[in-house]
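In case you want the letters, here they are:
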2 protein chains.
Amino acid sequence: MQSISEAESRIMEALWRKTPLTAEQIISTVGPENGWAPATVKTLVTRLLKKGAIAGAKEDGGYFYRPLIARADWVQSESQGLLDRLFKGEVAPLVAHFAEHRQLSAKDLRQLKALISKIEEDGK
Amino acid sequence: MQSISEAESRIMEALWRKTPLTAEQIISTVGPENGWAPATVKTLVTRLLKKGAIAGAKEDGGYFYRPLIARADWVQSESQGLLDRLFKGEVAPLVAHFAEHRQLSAKDLRQLKALISKIEEDGK
DNA sequence: CTTGCCAGATTACAGGCGTACTTTTCAATG
DNA sequence: CATTGAAAAGTACGCCTGTAATCTGGCAAG
């Protein structure tokens, strides 16, 4: 509950990509990705269990882990903090910042315009 | 150099708001803001000194601290990390996320449209 | 019924962080 | 020159994190 650490989030990402996963599967995806020993992955899984961020249960022949919190919720709390701390909670300055640092691709621009149109459409 | 911690960033913010500041001034702004004892603020200042994030020097009668790194640079590394970790480096999904969570104010929308227009204008 | 495997718990340990006090070292002032 | 006052360095300490190994208890297979 009290915030997922950086390393722990790697486990979560794996589970959000594909759910459920066995311990074996988590270890074989997340381990190599991060250069972690199996024991390390198990520790992180244990901590996530204790935090209530994931749950494990045996289902049809295997033992599977599932995330208990939604990625969107996690993303929300992570990005809200940054937005508040760095940009006084305003989205536009954040985007402006990325624009200044050449992080705005043509694709982003296209998607942003579409997004804005859609929002205005809905609001109408 | 190796990343400014959350608590340390409060000191930096004070120095970015107004530079230079004396130890006294830092303590009297940052301390109450965060409920920190003077000793705590001094520790954070020391760590920032050791990290090379700020510098202290005596100038006309007082001892003043100045930031050695620009806020823009710090904001950049902070937000880049989040963008990469959470949104695969794409800005549009980030904005979409905020839109879905009602974090997009009318003001933001207006500013975003202006920003996009300006970018397209420049690119032309 | 026994044995072995695996999930979960326990233990380990160093480094960073938040919080804070104490000691040392200078520079200025009397 | 001596004292003082503040800056900087050192000490402290508990918690979280990253990294990892080991112990334990229950279920499944033989």
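Look up a bit, the structure's there.
Since the structure is predicted, the reported quantities are computational estimates derived from the model, not experimental observations.

Points about the overall build of chain A
Secondary structure assignment for chain A yields 6 helices and 3 strands. Going from the N terminus to the C terminus, chain A shows its helices and strands as α-β-α-α-β-β-α-α-α. Over its C-alpha trace chain A gives a radius of gyration of 19 Å, far above what one expects of a compact globule, namely 14 Å for 124 residues. Its C-alpha atoms put chain A at 50 × 30 × 30 Å along the principal axes. Evaluated residue by residue, chain A yields a buried proportion of 38% over its 124 residues. Within chain A, residue pairs in contact and separated by at least 24 positions form 51% of the contacts whose partners lie at least 6 positions apart. Looking at chain A as shown, the accessible area adds up to about 7000 Å², and 55% of this sits on carbon and sulfur atoms.

Some thoughts on the relation of the copies chain B and chain A
You can overlay chain B on chain A at an RMSD of 0.3 Å; the transform is a turn of 180° with a shift of 0.2 Å along its axis. A rotation of that kind, with that shift, is consistent with a two-fold axis.

What about the nonpolar core?
Core analysis: the largest hydrophobic core is formed by 67 residues, its most contacted members being Ile26 and Val95 of chain A together with Ile26, Leu94 and Val95 of chain B. Excluding residues within four positions of it along the chain, Ile26 of chain B makes contact with Ile11, Leu15, Leu21, Gly31, Val41, Val45 and Tyr65 of chain B.

Brief notes about the packing of helix H6 (residues 106-123) of chain A against helix H6 (residues 106-123) of chain B
Close contact between H6 of chain A and H6 of chain B brings their axes to 11 Å; oriented N to C, the two are set at 145°. Between H6 of chain A and H6 of chain B the crossing geometry is left-handed. Along its contact with H6 of chain A, which presents Leu109, Leu112, Lys113, Ile116, Ile119 and Glu120 of chain A, the element H6 of chain B presents Leu109, Leu112, Lys113, Ile116, Ile119 and Glu120 of chain B.

What to know about the protein's contact with DNA strand D
Of all residues adjacent to DNA strand D, which total 16 residues, the nearest are Ser5, Trp36 and Thr43 of chain A together with Tyr63 and Tyr65 of chain B. Of all atoms in DNA strand D that approach within 4 Å of the protein, 60% are sugar or phosphate atoms. Here Ala7 of chain A contributes a backbone N or O atom positioned 3.0 Å from a phosphate oxygen of DNA strand D. A distance of 2.7 Å separates a base nitrogen of DNA strand D from a polar side-chain atom of Thr43 of chain A. Contributing elements (two or more residues each) for the surface near DNA strand D: helix H1 (6-17) and helix H3 (38-51) of chain A together with helix H3 (38-51) and strand S3 (62-67) of chain B. Looking at the surface near DNA strand D element by element, the count peaks at 5 residues for H3 of chain A. Here the residues of the surface near DNA strand D sort into 8 nonpolar, 3 polar and 5 charged.

Some details on the protein's contact with DNA strand C
Taken together, 16 residues sit near DNA strand C, with Tyr63 and Tyr65 of chain A together with Ser5, Trp36 and Thr40 of chain B positioned nearest. Sugar and phosphate atoms form 61% of the subset of DNA strand C atoms that lie within 4 Å of the protein. Within the backbone of Ala37 of chain B, one N or O atom sits 3.0 Å away from a phosphate oxygen of DNA strand C. At 2.9 Å, a side-chain N or O of Arg47 of chain B approaches a base oxygen of DNA strand C. When residues of the surface near DNA strand C are traced back to their parent elements, those giving at least two are H3 and strand S3 (62-67) of chain A together with helix H1 (6-17) and H3 of chain B. Of the residues in the surface near DNA strand C, the class split is 8 nonpolar, 3 polar and 5 charged.

Let's talk about the side chain of Thr22 of chain A
Its place among the elements puts Thr22 of chain A in strand S1 (residues 21-22). Once you skip the residues sitting within four places of it in the chain, Thr22 of chain A turns out to touch Tyr63, Phe64 and Tyr65 of chain A.

Comments concerning the interface of chain B and chain A
Contact residues are listed per partner, giving 38 residues for chain B and 38 residues for chain A. When chain B packs against chain A, close to 3600 Å² is buried across both sides, 66% of that on carbon and sulfur atoms. Among the residues chain B hides against chain A, the three largest losses belong to Leu86, Val91 and Phe98 of chain B. Together they make up 15% of the total. Between chain B and chain A we count 7 salt bridges in total. Lys113 of chain A is the salt-bridge partner of Glu120 of chain B, the closest N and O atoms lying 2.6 Å from each other. Where chain B packs against chain A, one counts 12 residue pairs in polar contact (both at pLDDT 80 or more). Looking at the side of chain B that touches chain A, the elements with two or more residues in it are H1, helix H4 (71-87), helix H5 (91-100) and H6 of chain B. Sorting elements by how many residues they give to the side of chain B that touches chain A places H4 of chain B first, with 13 residues. Residue composition of the side of chain B that touches chain A, by class: 21 nonpolar, 7 polar and 10 charged.

What counts, and where the lines are drawn
Residues numbered from 1 in each chain as written. Chains lettered and ligands numbered in written order. Predicted model: local features only at pLDDT ≥ 70, side-chain atom pairs only at ≥ 80, totals over all residues. Heavy atoms only, no water. Helix = DSSP H or I, 4+ residues; strand = E, 2+ residues; numbered from the N terminus. Rg over C-alpha atoms; globule rule 2.2 N^0.38 Å. Buried < 20%, exposed > 50% of the residue type's maximum accessible area, 1.4 Å probe, protein only. Contact = heavy atoms within 4.5 Å. Areas by Shrake-Rupley, 256 points an atom, 1.4 Å probe, with all protein chains shown as cover. Least-squares fit on C-alpha atoms with pLDDT ≥ 70 in both. Core = buried A, V, L, I, M, F, W, Y, C linked by side-chain atoms within 4.5 Å. Axes fitted to C-alpha atoms, helices over the stretch in contact; angles between N-to-C directions. Left-handed = near helix turned anticlockwise from the far one by under 90°. Near = heavy atom within 4 Å. Polar contact = N/O pair within 3.5 Å; in protein donor to acceptor, adjacent residues only side chain to side chain. Nonpolar A, V, L, I, M, F, W, Y, C, P; charged D, E, K, R; others polar. Buried area = accessible area lost by both parts, 1.4 Å probe. Salt bridge = Lys/Arg side-chain N within 4 Å of Asp/Glu carboxyl O.

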